[in-house]
Amino acid sequence: MKIGIVGGGFMGLVLAHEISKTTAHVKVFEADSQLGGLATHYDYGSFIWDKYYHVILPTDNHLVSLIEDLGLENKLQWRRSMTGYYVNKKFYPFSSSKDFLLFPPLNIIDKMKLAFTIFYGSKINDRKKLEKITVKDWLIKLGGQRTYEKFWAPLLKAKLGESHDRVSAVFIWTYIKRLFQARSSAAQKEHMGYIDGGYKTVFDRLQESLAKRESEVLTKTSIQGITANTKGGINLEYQGKREHFDKVIFTGPLNVLEKVSSPNLIDITNNKEDVEYLGVLCMVLITEEPMTPYYVLNLADKKVPFTGVIGMSSLVDVKQTDGKYITYFPKYVTADHSFWCKSDDELKTIFLEGVKQLYPSFNETLIVSSHMHKAFKVQPLQVLNYSEIIPKMRTKNPDFFVVNTSQFVNDTLNNNSVVNHIKDFMVDFEKELKFTSETV
Ligand SMILES: Cc1cc2nc3c(=O)[nH]c(=O)nc-3n(C[C@H](O)[C@H](O)[C@H](O)COP(=O)(O)OP(=O)(O)OC[C@H]3O[C@@H](n4cnc5c(N)ncnc54)[C@H](O)[C@@H]3O)c2cc1C
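## Describing the domain arrangement of the chain
Working step 1: Each domain of the chain was delimited in the assignment, giving domain 1 (2–52 + 199–271 + 390–439) and domain 2 (55–197 + 276–383).
Working step 2: For domain 1 and domain 2, the distance between their C-alpha centroids amounts to 28 Å.
Working step 3: On the side of domain 2, 46 residues touch domain 1, which itself brings 38 residues to the contact.
Working step 4: With both chains or domains summed, domain 1 and domain 2 bury close to 3500 Å², and 63% of this area falls on carbon and sulfur atoms.
Working step 5: Between domain 1 and domain 2 we count 1 salt bridge in total.
Working step 6: Salt-bridge contacts for Asp69 lead to Lys21; the nearest nitrogen and oxygen are separated by 2.8 Å.
Working step 7: Seen at the junction of domain 1 and domain 2, the total is 17 residue pairs in polar contact (both at pLDDT 80 or more).
Working step 8: Counting residues per element, the ones that place at least two in the side of domain 1 that touches domain 2 are α1 (10–19), β4 (48–50), α8 (199–212), α9 (254–260) and α11 (415–439).
Working step 9: For the side of domain 1 that touches domain 2, the element with the most residues is α8, which contributes 6 residues.

Encoded structure:
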């Protein structure tokens, strides 16, 4: 049986890895010249690291299992990490119970309310009710206005930019579950992980393992059309060719799905509302000295053009990055944001002004290089009643499937959720493969 996979990001390649364990033959199509999608790597000059920052949490059980399955467990490094807050022009650590108790922007009552919100959130198992209330209303209801403004709003803005008040409470519920459990219960200290060599190591190993099983992976091959074959199966159109597959799985964003798939395969425009994605603009600075002691600095200062600072080198051994320090400055924005019209140089100038606001003593001569990365479709916005507007994995055609990040309803966008989503898909798909090969 021949299976086509559209998209060579983490979803597409992990899916190919799982399907290649069956008797099916897999072929992956990636439009870009490099595999990895949003988790791909970038050449920063004297070293290669992730284009966008990626971290692994101790609670990422599905992802860690995949890493073990790929034989990369020896390359997985766990390190103590720190989170910081920037409130009223001051930096505060927020990584341990002690930091929490000492956190000056909140008084003791606020802290009790915050602790209650986190505890209460971590005990909820059913997302349904949370889908009906905005995250802002839910957090204010549980923890009050001050706790929201001083603690939650910076965190939400770092993750969702100006759209943070449109998402449902599911977003913060999944976040609480994922992030706050990352603190090891023994030490009550935050730990995070990375793979030596960054995500490139994972993609290289996935590719090697696919090659061993004779699966094909094509880069620079954009799928332009997906149509039903009259005798069963699906045709993929690319580079003026048409190739037949028994089954096809689409893993890219929904705007591409709408553009390339024929309307009789899937009708996502039937929904009253479309899934909206946030994009990300992310400046990366390579410097001779560290810029921040925190892996994540949450900030919500209107004068600063980015919404967080990710000190990758506070986590990753600098030997991995040629002795240089790598810091990411992301801003999550909607598709209509004026920043999309600006050139990379204009954006760098704006972001660098923000760096100077945040760190007035920062010495620009320490910058080795600066980079501006942009991705238009990144984070599906989990608005109210989100689960009602997403496409199903099964489509109108029994041989065509959609498996992508817009379908995460119990999770935020992360690679642990990707692996988990594929596990769920494979339960059904393996039965399908077995049934089809028995009936052919
Ligand atoms: C700034 C940022 C920070 C992040 N931090 C973390 C983190 O710390 N931890 C974590 O676990 N996750 C993190 N993530 C999320 C992680 O990157 C995603 O979960 C993952 O990359 C999603 O992979 P995907 O394959 O579903 O989507 P994508 O990476 O978007 O892959 C889709 C692929 O489809 C291809 N494609 C599109 N159209 C076509 C076509 N017509 N033909 C062929 N190919 C096509 C695209 O080129 C792309 O490669 C982060 C993401 C971002 C952007």
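## A few points about the side chain of Ser313
Working step 1: The residue Ser313 is located in the loop between β17 (308–311) and β18 (325–333) in this model.
Working step 2: Beyond its immediate chain neighbours, meaning those up to four positions away, Ser313 contacts Val318, Thr321, Lys324, Tyr325 and Ile326.

## Details of empty space enclosed by the protein
Working step 1: Tallying each qualifying case throughout the model produces 4 cavities of 30 Å³ or more.
Working step 2: Space inside the second largest cavity adds up to approximately 50 Å³.
Working step 3: In terms of lining residues, the second largest cavity is bounded by Trp49, Asp50, His54, Ile56, Tyr194, Ile195, Gly198 and Tyr199.
Working step 4: If you list the elements that add at least two residues to the lining of the second largest cavity, you get β4 and β9 (189–195).
Working step 5: In terms of residue class, the lining of the second largest cavity is built from 5 nonpolar, 2 polar and 1 charged.
Working step 6: When residues of the lining of the second largest cavity are assigned to domains, at least three fall in each of domain 1 (2–52 + 199–271 + 390–439) and domain 2 (55–197 + 276–383).

## With respect to α8
Working step 1: Over its 14 residues, α8 extends 20 Å from the first C-alpha to the last, a length consistent with the 20 Å expected when each residue adds 1.5 Å.
Working step 2: When we look at burial in α8, the residues that qualify are Tyr199, Thr201, Val202, Phe203, Leu206, Ser209 and Leu210.
Working step 3: The first or second residue beyond α8 is Glu214, which carries a positive phi of 60°.

## Some words on the sheet that holds strand β11 (residues 225–228)
Working step 1: The strand order β11-β12-β13 describes an open sheet built from 3 strands, whose pairing is antiparallel. Looking at the sheet topology across the chains shown, the edges are occupied by β11 and β13 (241–245). With strand direction ignored, the average angle separating the axes of adjacent strands in the sheet is 25°.
Working step 2: The sheet contact formed by β11 and strand β12 (residues 234–238) spans 4 bridges and is antiparallel. What sits directly across from Thr227, in β12, is Asn235.

## Looking at the pairing of strand β15 (residues 277–287)
Working step 1: When you tally the buried positions in β15, you get 11 out of 11 residues, the bulk of the element.
Working step 2: Of the two faces of β15, the one lined by Tyr277, Gly279, Leu281, Met283, Leu285 and Thr287 and the one lined by Leu278, Val280, Cys282, Val284 and Ile286 are each fully buried.
Working step 3: Of the pairings in the sheet, the one linking β15 to strand β19 (residues 367–380) comprises 10 bridges and is antiparallel in character. The residue bridging Val284 from the neighbouring strand is His371, located in β19.

## Let's talk about the side chain of Gln77
Working step 1: Looking at the secondary structure, you find Gln77 in strand β5 (residues 76–80).
Working step 2: One polar contact links Gln77 to Asp196, side chain to side chain, over a distance of 3.0 Å.
Working step 3: Setting aside residues up to four positions removed in sequence, Gln77 forms contacts with Met192, Gly193, Tyr194 and Asp196.

## Topic: the packing of helix α5 (residues 135–143) against helix α6 (residues 145–160)
Working step 1: Viewed as axis vectors pointing N to C, α5 and α6 meet at an angle of 140°, and their least axial separation amounts to 9 Å. Comparing the axis directions of α5 and α6 gives the class oblique. Note on packing geometry: the crossing formed by α5 with α6 is right-handed. From α5, Val135, Lys136, Leu139, Ile140 and Gly143 reach across to α6, where they touch Gln145, Thr147, Tyr148, Trp152 and Leu156.
Working step 2: Looking at the contact of α5 with α6 residue by residue, the classes come out as 6 nonpolar, 3 polar and 1 charged.

## Let's talk about the packing of aromatic side chains
The way to describe two aromatic rings as a pair is by their centre distance and the angle between their planes.
Working step 1: With the rule as written, the count across this model stands at 29 aromatic pairs.
Working step 2: An angle of 75° between the planes, with centres 5.6 Å apart, marks the rings of Phe401 and Phe425 as edge-to-face. Placement of the pair is Phe401 in strand β20 (residues 400–402) and Phe425 in helix α11, with a sequence separation of 24 residues.
Working step 3: For Phe425, a relative accessible area of 3% translates into the label buried.

## Overview of the sheet that holds strand β7 (residues 90–93)
Working step 1: Read across the sheet, 7 strands follow the order β7-β6-β16-β17-β18-β15-β19 without closing on themselves; strand pairing throughout is mixed. The open sheet terminates on both sides in strands that have one partner only, identified here as β7 and β19. Direction aside, neighbouring strands of the sheet carry axes that sit 20° apart on average.
Working step 2: Note that β17 and β18 share 2 bridges and pair antiparallel. Pairing of Gly311 across the sheet is with Thr327, part of β18.
Working step 3: Along the sheet face, α6 touches β6 (83–87), β15, β16 (296–299), β18 and β19 and points at about 105° away from the line of β6.

Thresholds, definitions, all that
- Residues numbered from 1 in each chain as written.
- Predicted model: local features only at pLDDT ≥ 70, side-chain atom pairs only at ≥ 80, totals over all residues.
- Heavy atoms only, no water.
- Domains from an automatic or database assignment.
- Contact = heavy atoms within 4.5 Å.
- Buried area = accessible area lost by both parts, 1.4 Å probe.
- Salt bridge = Lys/Arg side-chain N within 4 Å of Asp/Glu carboxyl O.
- Polar contact = N/O pair within 3.5 Å; in protein donor to acceptor, adjacent residues only side chain to side chain.
- Helix = DSSP H or I, 4+ residues; strand = E, 2+ residues; numbered from the N terminus.
- 1 Å grid on protein atoms, 1.4 Å probe; cavity = no way out; pocket = protein on both sides within 12 Å on 5 of 7 lines; lining within 4 Å.
- Points joined across faces, edges and corners; volume = space filled by probe spheres on them.
- Nonpolar A, V, L, I, M, F, W, Y, C, P; charged D, E, K, R; others polar.
- Expected span 1.5 Å × (residues − 1).
- Buried < 20%, exposed > 50% of the residue type's maximum accessible area, 1.4 Å probe, protein only.
- Pairing = 2+ DSSP bridges.
- Axes fitted to C-alpha atoms, helices over the stretch in contact; angles between N-to-C directions.
- Parallel < 35°, antiparallel > 145°, perpendicular 65-115°, else oblique.
- Left-handed = near helix turned anticlockwise from the far one by under 90°.
- Phe/Tyr/Trp six-rings, centres within 6.5 Å; stacked < 30°, edge-to-face > 60°.

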